[in-house]
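Now for the letters of each chain:
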Amino acid sequence: MRCLDHANTYNMGPAVISSSIHCQFVTIVIIAILFNWTILVDSRDTQCYWKIYDYEDTRGVKIIDVGCPEGRIDWFGLEGALRMRFRLPDVSAKLKACFRMRASSVRAMVSRETNNGLRALAILDAVTNEQVTVETCLNVVGEDGLVLFAEAPKSESPIGSLIIDYDLTSIISEDDMEECRPCTDNEMLLAFCTSDFVFRGEMESVKDIPEISHTEVNVKVNKLYRQPFIKQPFKTSANHPKIYNGSVYTPTKCHVMYGEGEFLFTGKIRFGRPILQCAPQWEQWVQLRSDAVRNGAYMCLLQ
């Protein structure tokens, strides 16, 4: 069966929910409930996008149930509240849920729903500012997934909006420092084969960026194995058309420091930003690769 790109729009009175579906690999069922209506969308989708429009006085709570690993929710002309549940098809999985929230011409508050009520995550006051952006990541355990609750007074501007980008990843441990530990040998082999970007390179500088709670590592790329085809994070210049440069990012809490020598950098793209996952020293990678090839313990061509 061939799956075609399509977009569905659901009009339920004053509020409209639009779900844009881009067909890919995994069949996911998305359930959105609005004013006692239930909408089912069956798609081979790994990126799910929702658009909510409040045209009139719609102070009720709009409800969305998202089962996609990544995507975006756009809420325009904010009025009332929006309840969003995030969980992967494997409901038993532990999750790392990351969000980038951007408000424009509106004042909004985003909270996490807990057994003890709502706990504020971010207050975005973009009435006096053109745009306010907040990023945060949470560890989630339990079959119910994560529920976020966004609310705002009636938008004073017809162009007021709240944009929430999300990224859900299965994790092994709910330890907050889990992502800071060194990768195991198997994780490094898997990262080489499956990461969004892979390259051999050197650190040039390291600096913390408090606004996004990440450390930026500027790198010189000596050999590029893989990067996204669209919006490539590592680029050449007119003066050096064969030399790639760019930056990778790690959580500030990991306290990454400058290191001499060459490394194998691997990771994923999150919100357009290259997030570092595994970075063994090049000599360590060469030995690991040699052992894996000799033992037949590899899942792709280890160049």
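See above for the structure.
A few points on the structure.

Quick notes on the rules
- Residues numbered from 1 in each chain as written.
- Predicted model: local features only at pLDDT ≥ 70, side-chain atom pairs only at ≥ 80, totals over all residues.
- Heavy atoms only, no water.
- Helix = DSSP H or I, 4+ residues; strand = E, 2+ residues; numbered from the N terminus.
- Buried < 20%, exposed > 50% of the residue type's maximum accessible area, 1.4 Å probe, protein only.
- Contact = heavy atoms within 4.5 Å.
- Areas by Shrake-Rupley, 256 points an atom, 1.4 Å probe, with all protein chains shown as cover.
- Disulfide = S-S within 2.5 Å.
- Expected span 1.5 Å × (residues − 1).
- Arc of directions from axis to C-beta.
- Salt bridge = Lys/Arg side-chain N within 4 Å of Asp/Glu carboxyl O.
- Phe/Tyr/Trp six-rings, centres within 6.5 Å; stacked < 30°, edge-to-face > 60°.
- Axes fitted to C-alpha atoms, helices over the stretch in contact; angles between N-to-C directions.
- Parallel < 35°, antiparallel > 145°, perpendicular 65-115°, else oblique.
- Nonpolar A, V, L, I, M, F, W, Y, C, P; charged D, E, K, R; others polar.

With respect to the overall build of the chain
For step 1, the next point in the chain: Looking only at helices and strands, the chain features two helices and 17 strands.
For step 2, the next point in the chain: For the chain, the residues scored as buried account for 45% of the 303 residues in total.
For step 3, the next point in the chain: Of the contacts made within the chain by residues no fewer than 6 positions apart, 62% connect residues no fewer than 24 positions apart.
For step 4, the next point in the chain: In the structure as shown, the chain presents an accessible area of about 16,100 Å², 51% of it carried by carbon and sulfur atoms.

A look at the state of the cysteines
For step 1, the next point in the chain: Considering all chains together, one arrives at five disulfides under this definition.
For step 2, the next point in the chain: Note on cysteine connectivity: cysteine 180 is disulfide-linked to cysteine 254, with sulfurs 2.0 Å apart. Between cysteine 180 and cysteine 254 the sulfur-sulfur dihedral comes to about -75 degrees; the bridge is accordingly left-handed. Taken together, the residues cysteine 180 in the loop between strand E12 (161–171) and helix H1 (185–194) and cysteine 254 in the loop between strand E15 (244–251) and strand E16 (262–270) connect sequence positions 74 residues apart.
For step 3, the next point in the chain: Each sulfur in the disulfide pair cysteine 193 and cysteine 300 lies 2.0 Å from the other. The S-S bond linking cysteine 193 to cysteine 300 shows a torsion near -80 degrees; that makes this disulfide left-handed. Of the two residues, cysteine 193 is situated in helix H1 and cysteine 300 in the segment after helix H2 (282–295); the sequence distance between them amounts to 107 residues.
For step 4, the next point in the chain: When its relative accessible area of 17% is taken as the criterion, cysteine 193 is described as buried.
For step 5, the next point in the chain: Exposure remark for cysteine 300: the relative accessible area of 21% places this residue in the partly exposed category.

Things to note about H2
For step 1, the next point in the chain: Given a rise of 1.5 Å per residue, 14 residues ought to cover 20 Å, and the 20 Å separating the end C-alpha atoms of H2 matches this to within 8%.
For step 2, the next point in the chain: Every buried residue of H2 is listed here: Trp282, Trp285, Leu288, Arg289 and Ala292. The buried residues of H2 all sit within an arc of 120 degrees when viewed along its axis, so they share a single face. Exposed positions of H2 whose direction lies more than 90 degrees from the buried face are Glu283, Arg294 and Asn295.
For step 3, the next point in the chain: Those residues of H2 that are buried lie in contact with H1, strand E13 (197–209), strand E14 (214–226) and E16.

Topic: the side chain of threonine 266
For step 1, the next point in the chain: Mapped onto the secondary structure, threonine 266 falls in strand E16.
For step 2, the next point in the chain: Excluding residues that lie within four positions of it along the chain, threonine 266 makes contacts with Ala191, Phe192, Ser195, Phe197, Val198, Ile275, Leu276, Gln277 and Cys278.

What about unusual backbone geometry?
For step 1, the next point in the chain: We note that serine 105 has phi near 55 degrees; this positive angle belongs to a residue other than glycine.
For step 2, the next point in the chain: Although it is not a glycine, serine 213 adopts a positive phi angle of roughly 55 degrees.
For step 3, the next point in the chain: Looking at the element boundaries, serine 213 is found in the loop between E13 and E14.

Some thoughts on the pattern of salt bridges
For step 1, the next point in the chain: Applying the stated criterion to the full structure yields 17 salt bridges.
For step 2, the next point in the chain: Of the charged contacts in the structure, one is a salt bridge between aspartate 74 and arginine 72, with a shortest N-O distance of 2.9 Å.
For step 3, the next point in the chain: Residue arginine 72 is classed as partly exposed on the basis of its relative accessible area, which comes to 27%.
For step 4, the next point in the chain: A salt bridge links glutamate 187 to arginine 181, with the nearest nitrogen and oxygen atoms 2.6 Å apart.
For step 5, the next point in the chain: The class for arginine 181 is partly exposed, based on a relative accessible area of 32%.
For step 6, the next point in the chain: Within the structure, one salt-bridge network assembled from shared partners comprises Lys96, Asp176, Glu179 and Lys253.

Digging into the packing of aromatic side chains
To describe a pair of aromatic rings, one takes the distance between the centres and the angle between the planes.
For step 1, the next point in the chain: In total, this model carries ten aromatic pairs according to the counting rule given.
For step 2, the next point in the chain: Plain terms: the ring middles of tyrosine 53 and phenylalanine 76 are 5.3 Å apart, the flat faces sit at 20 degrees to each other, and that makes the pair stacked. Here phenylalanine 76 lies in strand E5 (residues 70–76) and tyrosine 53 lies in strand E3 (residues 37–54), a separation of 23 residues in the sequence.
For step 3, the next point in the chain: The class for tyrosine 53 is partly exposed, based on a relative accessible area of 24%.
For step 4, the next point in the chain: In this structure phenylalanine 76 comes out as partly exposed when scored by relative accessible area, which is 25%.
For step 5, the next point in the chain: Taking 5.1 Å as the distance between ring centres and 70 degrees as the angle between the ring planes, the aromatic pair formed by phenylalanine 86 and phenylalanine 99 counts as edge-to-face. Taken as a pair, phenylalanine 86 in strand E6 (residues 80–86) and phenylalanine 99 in strand E7 (residues 94–104) lie far apart in primary sequence, 13 residues in all.

Topic: the packing of H1 against H2
For step 1, the next point in the chain: The N-to-C vectors of H1 and H2 enclose an angle of 90 degrees; their axes lie 11 Å apart at closest approach. For the element pair H1 / H2, the angle class is roughly perpendicular. In contact with Asp185, Met188, Leu189 and Phe192 of H1, H2 contributes Gln284, Trp285, Leu288 and Ala292.
For step 2, the next point in the chain: Residue classes in the contact of H1 with H2 are distributed as six nonpolar, one polar and one charged.

Purely geometric numbers; function is a separate question.
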